[in-house]
Every structure is written in structure tokens, then in C-alpha cells.
Amino acid sequence: DARGPRFTTRLHHFLSPACSSLHFCDGLRGGSLDRRDYKYLHVDPSLASLDPKGTPGKVVIIQRHGQASKNAELRPVRLAMVDQLRALVKQGPEIVKGPGVSAEVEAEAQKVLEAWKLASREMRWFDDGLNPKGVAQAVAAGAEVGHLLKTKLGVGAPNLLVTSPFRRAWQTQLIGFSSAGFEGVSGPPGCAAVAGDGFRHVPWLALDSLAETPHAETSCMRHSKTEIKRWQPCLDVSLISEECARGTTTHAELEWQAIKQAFQGQREQREQREQGNKAVASLAEGDEPLDEAERANVSNARAFAEWLRARPEEVVWVLTHQV
């Protein structure tokens, strides 16, 4: 998912020593082999000439889950909240005190953040599943994955399916697998093929390193390993923890910190320009200190890359989150 570029960047960093080349399927920045074919998957054109039989390394499709109920209902609330917070810090440079904002502005921001906490911590968002639009996205994306592997890469099916243990992720992959039209495999994924039917089964694993970044929102919590196994007996949950990690900071609080840092950086640049100093410090991506979520993303990317590098499978389909 192109809205979470840092995971991709760091995954590239961790994987590149073991790969001759990396080809990213990028929903916003990449090209498309055929935009008429791929509505949900935008594929780098370099994959058109990739021969998986003669190319060392792996073909890895990394997909974000389909739309869940909380995505549709909370996104407008979150965007409005961000607009409110940005408006607060733009009231005028006189409100800024050193590295922070005035007590009055901070108090107003806390009211906005408290409203977000109330909306985002409703129990109906706990490990929520796909809404009807998300189901349709999962069906369409699955069909495109099958078409991509067969027509562009000459592969009948992936050798391995890996997913986040959150319901919206494994639900997307299960639905997509059913609509992909993979050749020579049995379904559902993870379940052994019927003896003597000539089909192979595709291993289906859940990994904590692909899970939602731990924030304090209810949607960043999942059901236990025991409950997931009861719902999806074919999904191998042996590698995940019984319960997920729980963050202490909300998305909104991180947004507020980022807004204040950006505003402070802009103010410092403006002051330096006014003083005639041309050596203005930039706020290049990656220069700012890592927060709780960023540290989790770095750790997860490293853990997943190391795990993937050790696996023997050459064609892997991964389901994760916007990170």
C-alpha cells in the first residue's frame, strides 16, 4: 500500500543484500502492466520481463486488506480532526513558545484528541471484518493476483500465503484466494489436499510482524490465537502470540505530535530565511526521531524480512495493513 512507504523502504533495505533485484507493486507510485486488467493492483512494468524460473530470489506480492467498517466510518472523523489540529497551530506564530505551542492551543488540541479517543475506542471496531466494499475489493484483487501470476509470470499459484492475524487481513486473503482461479491447488488455503486428487495445498501462515501497528485504538486489537484457530482451522497460527500487543498512543496523538514538529520546522526555516541564512535545515523523511509506531514498524519489517529470506518458497502472497 503506497500510503505506508516507510515499511516498503525498510523492507527493501533488509531484503536487498539477498536479492538480485526487487520489483515493487505500488498502488500510487508504480506503473501498471495493463491498467485495463489491473484496477486494484498497479504493477511495476519491470515484472513483464521477469522470468521466475531463471531469476534468483522471490516474487512477493504485498497487499493491504480490503476496506473494513472502521476504515469507512472513522476516516472522515480522523481527517476532520487533523484539519482542526492544523488550524490550531496556524493561528499565528505568536502562539508558539519554543519547541511547543502555547498552553491555550494545547488545551484546545486535547479536547479534539479526547473526542477522537471516544470515537475510536468503541468496541464495535474490535478486530472488525470487511464491509461489503471490502469484500468486493478482496474478490477483485484476488482475481487480479491470479491473472498476474498466470499471464505475466507463468505461475499457476503462489507457494505460500502469509497474513496478518487481524480478521480484516486474513478475511481479504481467504476471499481473494477463492476468486483467484489458481491452477493445481486445493482450497481453502492451508488445508491439506485430498489424497490422490493431484492437487497440492498452499501453506497459509499468520505472522505478528505483519499485524496492525500497535496503537491504543480498539481497531488495533485482535482476537486471541485460540479464537482465530477456532474460526479458521486451516490458518496456521502457531507463530503468533496468544494476544496482540497493545499500544499506549492513539493515531491522533501521533498526528498532533507530527503537526507540531512540522510547524516548528517551518517556523525555524522561515526565521533562518529572514536572517539571510541559506543553509536551511530540511525536514527530509527519516530525519525525525522515531515514535512508538515507527519503532514497531522498523522491528516488524526487519523480523518479516529475515523470516521471508529463510523460507524456501519462491512466490509468496502477503496480506498486511497500511503502516
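Residues numbered from 1 in each chain as written. Predicted model: local features only at pLDDT ≥ 70, side-chain atom pairs only at ≥ 80, totals over all residues. Heavy atoms only, no water.

A few words on the overall build of the protein chain. Regarding its fold elements, the protein chain presents 8 helices and 6 strands. Order of helices (α) and strands (β) in the protein chain, N terminus to C terminus: α-β-α-β-β-α-α-β-α-β-α-α-α-β. The buried share among the 323 residues of the protein chain stands at 45%. Residue pairs at least 24 apart in sequence account for 78% of intrachain contacts in the protein chain once pairs closer than 6 positions are excluded. A total of about 16000 Å² of accessible surface is found on the protein chain, and carbon and sulfur atoms cover 53% of it. (Helix = DSSP H or I, 4+ residues; strand = E, 2+ residues; numbered from the N terminus. Buried < 20%, exposed > 50% of the residue type's maximum accessible area, 1.4 Å probe, protein only. Contact = heavy atoms within 4.5 Å. Areas by Shrake-Rupley, 256 points an atom, 1.4 Å probe, with all protein chains shown as cover.)

What follows is about helix H3 (residues 103-120). With 18 residues, H3 extends 25 Å from end C-alpha to end C-alpha; this agrees with the ideal 26 Å at 1.5 Å per step. Among all positions in H3, only Val105, Ala109, Val112, Leu113, Trp116, Ala119 and Ser120 are buried. The buried residues of H3 occupy an angular sector of 110° when projected down its axis, which confines them to one face. Across from the buried face of H3, at angles greater than 90 degrees, the exposed residues are Ala103, Glu104, Lys111 and Leu118. (Expected span 1.5 Å × (residues − 1). Arc of directions from axis to C-beta.)

Moving on: the state of the cysteines. The full count for this structure, using the stated rule, is 0 disulfides. Cysteine Cys244 remains unbridged, with the sulfur of Cys220 as its closest cysteine sulfur at 8.5 Å. Residue classification places Cys244 among the partly exposed residues on the basis of a relative accessible area of 21%. (Disulfide = S-S within 2.5 Å.)

Here we take up the pairing of strand E6 (residues 315-320). Most of E6 sits inside the fold, with 6 of its 6 residues counted as buried. Burial of E6 is two-sided: the residues Val315, Trp317 and Leu319 facing one way and the residues Val316, Val318 and Thr320 facing the other way are all buried. Note: strand E1 (residues 59-64) against E6, 6 bridges, orientation parallel. Counted as the bridge partner of Ile62 is Val318 from E6. (Pairing = 2+ DSSP bridges.)

Here the phi dihedral of Asp127 falls at roughly 45°; this positive angle occurs in a residue that is not glycine. Within the fold, Asp127 resides in the loop between H3 and helix H4 (132-152).

With that settled, consider the nonpolar core. Judged by nonpolar contacts, the single largest core of 26 residues is most densely connected at Leu149, Phe182, Leu235 and Trp317. The set of elements that each furnish at least two residues to this core consists of E1, H4, helix H5 (167-179), strand E5 (204-206) and E6. Excluding residues that lie within four positions of it along the chain, Trp317 makes contacts with Ile61, Gln63, Gly142, Val145, Pro158, Leu160, Leu161, Val162, Gln173, Gly176, Phe177 and Phe182. Within the second largest apolar cluster, 18 residues are counted, among which are Leu74, Leu88, Val89 and Trp125. (Core = buried A, V, L, I, M, F, W, Y, C linked by side-chain atoms within 4.5 Å.)

We now examine the pattern of salt bridges. Scanning all chains against the criterion turns up 11 salt bridges. For Arg311, the salt bridge goes to Glu313, with nearest N and O atoms at 2.8 Å. You can call Glu313 buried: its relative accessible area is 12%. What emerges from the salt-bridge pattern is a single network uniting Glu73, Glu122 and Arg124. (Salt bridge = Lys/Arg side-chain N within 4 Å of Asp/Glu carboxyl O.)

Turning next to the packing of aromatic side chains. Across all of its chains, the model carries 3 aromatic pairs by this definition. Ring geometry for Phe182 versus Trp317: centroids 6.0 Å apart, planes at 85°, classification edge-to-face. Taken together, the positions of Phe182 in the loop between H5 and E5 and Trp317 in strand E6 put the pair 135 residues apart, joining distant regions of the chain. For the residue pair Phe182 and Trp317, the accessibility class agrees, reading buried in each case. The rings of Phe177, Phe182 and Trp317 are connected pair by pair, giving a single aromatic cluster. (Phe/Tyr/Trp six-rings, centres within 6.5 Å; stacked < 30°, edge-to-face > 60°.)

Okay, the packing of H4 against H5 next. Where H4 contacts H5, the two axes come as close as 7 Å, and the packing angle between them is 50°. Regarding the angle of H4 to H5, the classification is oblique. The handedness of the crossing between H4 and H5 comes out as right-handed. Note on element contacts: H5 touches H4 through Thr172, Ile175, Gly176 and Ser179, opposite Val135, Ala138, Val139, Gly142 and Ala143. (Axes fitted to C-alpha atoms, helices over the stretch in contact; angles between N-to-C directions. Parallel < 35°, antiparallel > 145°, perpendicular 65-115°, else oblique. Left-handed = near helix turned anticlockwise from the far one by under 90°.)

Before going further, it helps to spend a moment on the environment of Pro132. Position of Pro132 relative to the elements: it lies in helix H4. Accessibility expressed as a relative area gives 71% for Pro132, which makes it exposed.

Further remarks concern the sheet that holds strand E4 (residues 160-163). The strand order across the open sheet built from 4 strands is E1-E6-E4-E5, with neighbouring strands paired in parallel fashion. Here the strands that pair on one side only, and so sit at the sheet edges, are E1 and E5. Pairs of neighbouring strands in the sheet enclose a mean axial angle of 20°, with direction left out of account. Where H4 meets the sheet, its contacts fall on E1 and E6, and the angle it forms with E1 comes to roughly 165°.

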